[in-house]
Amino acid sequence: MSMPFGVSPDGRWILATADLPMLPMARRVVMARDHIEIDGWVFPYASVSKNWLAWFRKILLDWHGQDVSERNKQWIDGILDAFQDGVTGKL
C-alpha cells in the first residue's frame, strides 16, 4: 500500500486525491520536515503528485479569494515558500 495523500484530524486516511477536502481558510499551518499540517489535517510531502498540487493550488486560490488583502497574500506566499522548502528538503 502506498502512503496516503493525507490524514484527517480524526485519523482517517485520504487514499485518493479525489477525496482531498476543500478546507476553509486555515487558522494554523505548520510546515515540518516531512509534511504540511493545516488545522489538524496532515499531508505528507512524499505523497505530493500533480493532482495533489492542483488541489493545493485550488485551496490557496480560494483562501486568497476570501481575503484579497496584502497581508493575506503575504501569508499565502509564506506558505508557498515554506512548502517549497519542505518538498525540496531545505527545512
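In the block above lies the structure referred to throughout.
Residues numbered from 1 in each chain as written. Predicted model: local features only at pLDDT ≥ 70, side-chain atom pairs only at ≥ 80, totals over all residues. Heavy atoms only, no water.

**Considering the overall build of the protein chain**
Link 1 in the chain: Regarding its fold elements, the protein chain presents two helices and five strands.
Link 2 in the chain: Starting at the N terminus, the α and β elements of the protein chain follow one another as β-β-β-β-β-α-α.
Link 3 in the chain: Along the first, second and third principal axes, the C-alpha set of the protein chain runs to 40 × 30 × 25 Å.
Link 4 in the chain: With 91 residues in all, the protein chain has 33% of them scored as buried.
Link 5 in the chain: Long-range contacts, defined here as pairs at least 24 residues apart, represent 51% of the contacts in the protein chain between residues at least 6 apart.
Link 6 in the chain: Of the roughly 5800 Å² of accessible surface on the protein chain, a fraction of 54% belongs to carbon and sulfur atoms.
Link 7 in the chain: Each charge class in the protein chain was averaged separately, 10 positive and 11 negative side chains, and the resulting centres sit 2 Å apart. (Helix = DSSP H or I, 4+ residues; strand = E, 2+ residues; numbered from the N terminus. Buried < 20%, exposed > 50% of the residue type's maximum accessible area, 1.4 Å probe, protein only. Contact = heavy atoms within 4.5 Å. Areas by Shrake-Rupley, 256 points an atom, 1.4 Å probe, with all protein chains shown as cover. Lys, Arg positive; Asp, Glu negative; His and termini not counted. Charge placed at Lys NZ, Arg CZ, Asp CG, Glu CD.)

**Focus on the side chain of Ser-47**
Link 1 in the chain: Structurally, Ser-47 is set in the loop between β5 (41-44) and α1 (50-66).
Link 2 in the chain: Ser-47 gets classed as buried once you look at its relative accessible area, which sits at 7%.
Link 3 in the chain: Excluding its chain neighbours within four sequence positions, the residues that come into contact with Ser-47 are Met-3, Pro-4, Phe-5 and Trp-52.

**Points about the pairing of β5**
Link 1 in the chain: Alignment of strand β4 (residues 35-38) against β5, held across four bridges, turns out to be antiparallel. Looking at β5, one finds that Glu-37 is bridged to Val-42.
Link 2 in the chain: Here β4 hands over to β5 after two residues, with Asp-39 in that stretch at a positive phi of 50 degrees. (Pairing = 2+ DSSP bridges.)

**Some points on the pattern of salt bridges**
Link 1 in the chain: Summed over the entire model, instances satisfying the criterion amount to three salt bridges.
Link 2 in the chain: Across the pair Arg-28 and Glu-37 runs a salt bridge whose closest N-O atoms are separated by 3.1 Å.
Link 3 in the chain: According to the relative accessible area criterion, Glu-37 is buried, its value standing at 12%. (Salt bridge = Lys/Arg side-chain N within 4 Å of Asp/Glu carboxyl O.)

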